[in-house]
Amino acid sequence: MAEVKLFGNWGSPFSCRIEIALKLKGVEYEFIEEDVYNDNKSPLLLKYNPVHKKIPVLLHNGKPICESVVILEYIDETWEGPSILPKDPYERAMARFWTKFLEEKCFPPMKQASWSTGEEQEKAKEEATELLKILEGTLSGKKFFGGDSIGMVDIVANFIAHWFIILQEITGLELLTHEKFPKLGQWLDDYLSCSIIKETLPPKDKLTASFQARIQAATTSK
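The text that follows walks through the structure, step by step, so that each part is easy to find. (Residues numbered from 1 in each chain as written. Predicted model: local features only at pLDDT ≥ 70, side-chain atom pairs only at ≥ 80, totals over all residues. Heavy atoms only, no water.)

Okay, the pairing of strand β1 (residues 4-8) next. Of all 5 residues in β1, 5 are buried; the element is thus mostly enclosed. Covered by surrounding structure in β1 are V4, L6 and G8 together with K5 and F7, the residues of both alternating faces. Judged from the 4 bridges that link them, β1 and strand β2 (residues 30-33) form a sheet pairing that is parallel. Considered in β2, the bridge of L6 is made with F31. (Buried < 20%, exposed > 50% of the residue type's maximum accessible area, 1.4 Å probe, protein only. Helix = DSSP H or I, 4+ residues; strand = E, 2+ residues; numbered from the N terminus. Pairing = 2+ DSSP bridges.)

In structure tokens form, the structure reads like this:
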């Protein structure tokens with residue numbers, strides 16, 4: 001029996017966060033695919049995450065840990081290897097701040113801009129643009145959000161680096177470009193060129209097909 005199991009979904013940016021962290025630490029794990037998008041969650045997932053009933057769930061020695069950011073911190077504290085959170089207390093607090101900023105401020109309007117139309121989309125685009133300007137400013141003089149190596153904020157921002165960029169291509173949205181945000185553009189290139197990131201992110205063609213199917217289904221249902 002594997003010591004570490006991860007309940008996730010191949011196309012989820014949240015379970016992908018955990019896979020990246022485990023690979024950075026060199027931890028072997030068993031990935032258990034959950035059919036969350038068809039509301040076909042396994043009894044084990046419901047058992048290990050009865051509160052939220054969501055992925056990801058990390059099972060370590062039979063003990064479940066839920067919520068991706070909580071899991072990232074657990075992994076960092078449990079296993080040796082490259083640090084996911086900085087050792088310095090102030091830098092650690094800043095990493096948590098920007099993680100919260102991404103999750104609570106940036107992602108909602110970016111998703112809204114990707115999936116909505118008309119006035120609703122324009123409003124979301126304006127909000128997302130202002131937030132991306134703030135993110136752009138945090139990268140001044142740094143390769144990654146935490147410095148010279150991938151850390152917590154970069155891992156959480158993987159939604160921007162892969163999922164959002166693919167959605168932009170499908171929908172024709174030009175919100176995040178190298179011309180508008182050169183520092184974020186360079187971060188995208190540096191992040192996506194890392195071997196662990198490249199081998200862990202879901203295949204672009206498969207994710208594109210999944211998004212196109214969801215867009216088609218949404219259009220048909222209207």
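This part takes up helix α5 (residues 118-138). For α5, built from 21 residues, the straight-helix expectation of 30 Å at 1.5 Å per residue is met to within 8% by its first-to-last C-alpha distance of 31 Å. Looking only at α5, the buried set comprises Q121, A124, A128, L131, L132, L135, E136 and T138. On an axial view of α5, the arc spanned by its buried residues comes to 150°, and they lie on one face. The exposed set on the far side of α5, more than 90 degrees from its buried face, consists of E119, K123 and E126. (Expected span 1.5 Å × (residues − 1). Arc of directions from axis to C-beta.)

Right, let's get into the packing of aromatic side chains. Inspection of the entire model under this criterion finds 9 aromatic pairs. Ring geometry for W187 and Y191: centres 5.2 Å apart, planes at 20°, overall stacked. Separated by 4 residues within a single helix, W187 and Y191 lie in helix α8 (residues 182-192), roughly one turn from each other. Assigned by exposure class, W187 and Y191 land together as buried. An aromatic cluster is built from F97, W98 and F101, whose rings are joined through pairwise contacts. Looking at K111, its charged tip hangs above the ring of F159, at a distance of 5.7 Å from the centre. Here the guanidinium or amino end of K206 rests over the ring plane of W10, the centre of that ring lying 4.3 Å away. (Phe/Tyr/Trp six-rings, centres within 6.5 Å; stacked < 30°, edge-to-face > 60°. Lys NZ or Arg CZ within 6 Å of the ring centre and 35° of its normal.)

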